[in-house]
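Notes for the structure review
Spelled out, the chains give:
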Amino acid sequence: MTVHQKVLDGGHRAYMLGYLETLALLERLHRLLLDVVKDEFERIGLLEINSVQALLLFNIGENEVTAGELKSRGYYQGSNVSYNLKKLVELGYMHHQRSEIDRRSVRVRLTEKGRRVRALLAELFSRHAEGLEKRGLISAAGLEDINQALKRMERHWTEQIRYIY
């Protein structure tokens, strides 16, 4: 009997199925978010950056960060952060500056062009939130419950990475 069969044969079956559904939903929602941003940018004719790059700009906001901080702060989840930063700098969406103390470290921040993209996304997300609220699809308390549950999952996964492997 495999580990997978043991889990599904025992009392954990319903929990495991719910967990797998949550994982699938997280993955689909992330892809849908990227598609929503892509569609909005196509609608307004902003085609020189992709949705991953746009979300990176949105998440950085007014902060000045290093590439390493992007991942540690949760601003960026992809493996190609260097490529996207380089592209955003080349296209004029971000400033970059080498650290005076550690020449290997580069700090980045948004340019005015980058802040305009951030504002576009903020407006898009505001419209989405307003639509969800008006239609009564998720209450403020419901959002808080979802966020708290996801934060607990995030902490659990972080512990798995730090302490198990």
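Please read these numbers as outputs of a predicted model, since none were measured by experiment.

Observations regarding the confidence of the model for the protein chain
On average, residues of the protein chain carry a pLDDT of 89, and 90% of them reach 70 or more. The weakest mean pLDDT in the protein chain belongs to helix α1 (residues 3-9) at 55; the strongest belongs to helix α6 (residues 112-135) at 98.

With respect to the pattern of salt bridges
Applying the stated criterion across every chain, the model contains 12 salt bridges. Put simply, Arg107 and Glu64 hold a salt bridge, and the shortest N to O gap is 3.2 Å. Residue Arg107 is located in strand β3 (residues 106-110), and its partner Glu64 is located in the loop between α3 (51-60) and β1 (65-66); the two are separated by 43 residues in the primary sequence. Among the ionic pairs, Lys86 bridges to Glu90, the shortest N-O distance being 3.9 Å. Highlighted residues: Lys86 and Glu90, both in helix α5 (residues 81-90), separated by four residues, approximately one helical turn.

Some points on the packing of helix α2 (residues 13-44) against helix α7 (residues 140-163)
Relative to each other, α2 and α7 sit at 100°, their axes nearing to 13 Å. In terms of orientation, α2 lies roughly perpendicular with respect to α7. Taken together, the residues of α7 that come into contact with α2 (itself represented by Tyr19, Thr22, Leu23 and Leu26) are Leu150, Met153 and Trp157. Residues belonging to the contact of α2 with α7 are distributed by class as follows: six nonpolar, one polar and no charged.

Things to note about α5
Of the residues making up α5, those classed as buried are Val81, Asn84, Leu85 and Leu88. Considered in projection along α5, the buried side chains sweep an arc of 100° and stay on one side of the axis. In this structure, α5 carries Ser82, Lys86 and Glu90 as exposed residues pointing more than 90 degrees from its buried face. Elements in contact with the buried residues of α5: α3, α4 (67-72), β2 (94-98) and β3. Two residues or fewer past α5, Gly92 is found with a positive phi of approximately 85°.

Quick word on the side chain of Ser51
The residue Ser51 is located in helix α3 in this model. Beyond its immediate chain neighbours, meaning those up to four positions away, Ser51 contacts Leu34, Val37 and Lys38.

Looking at the nonpolar core
With 25 residues, the main nonpolar core has Ile60, Leu70 and Met94 as its most contacted residues. Only α2, α3, α5, β3 and α6 provide two or more residues apiece to this core. Element by element, the count of residues in this core is highest for α3, at six residues. The residues contacting Met94, other than those within four sequence positions of it, are Leu57, Ile60, Leu85, Leu88, Val89, Val108, Arg109, Leu110 and Thr111.

Basis of the calculations
Residues numbered from 1 in each chain as written. Predicted model: local features only at pLDDT ≥ 70, side-chain atom pairs only at ≥ 80, totals over all residues. Heavy atoms only, no water. pLDDT = per-residue confidence, 0-100. Helix = DSSP H or I, 4+ residues; strand = E, 2+ residues; numbered from the N terminus. Salt bridge = Lys/Arg side-chain N within 4 Å of Asp/Glu carboxyl O. Axes fitted to C-alpha atoms, helices over the stretch in contact; angles between N-to-C directions. Parallel < 35°, antiparallel > 145°, perpendicular 65-115°, else oblique. Contact = heavy atoms within 4.5 Å. Nonpolar A, V, L, I, M, F, W, Y, C, P; charged D, E, K, R; others polar. Buried < 20%, exposed > 50% of the residue type's maximum accessible area, 1.4 Å probe, protein only. Arc of directions from axis to C-beta. Core = buried A, V, L, I, M, F, W, Y, C linked by side-chain atoms within 4.5 Å.

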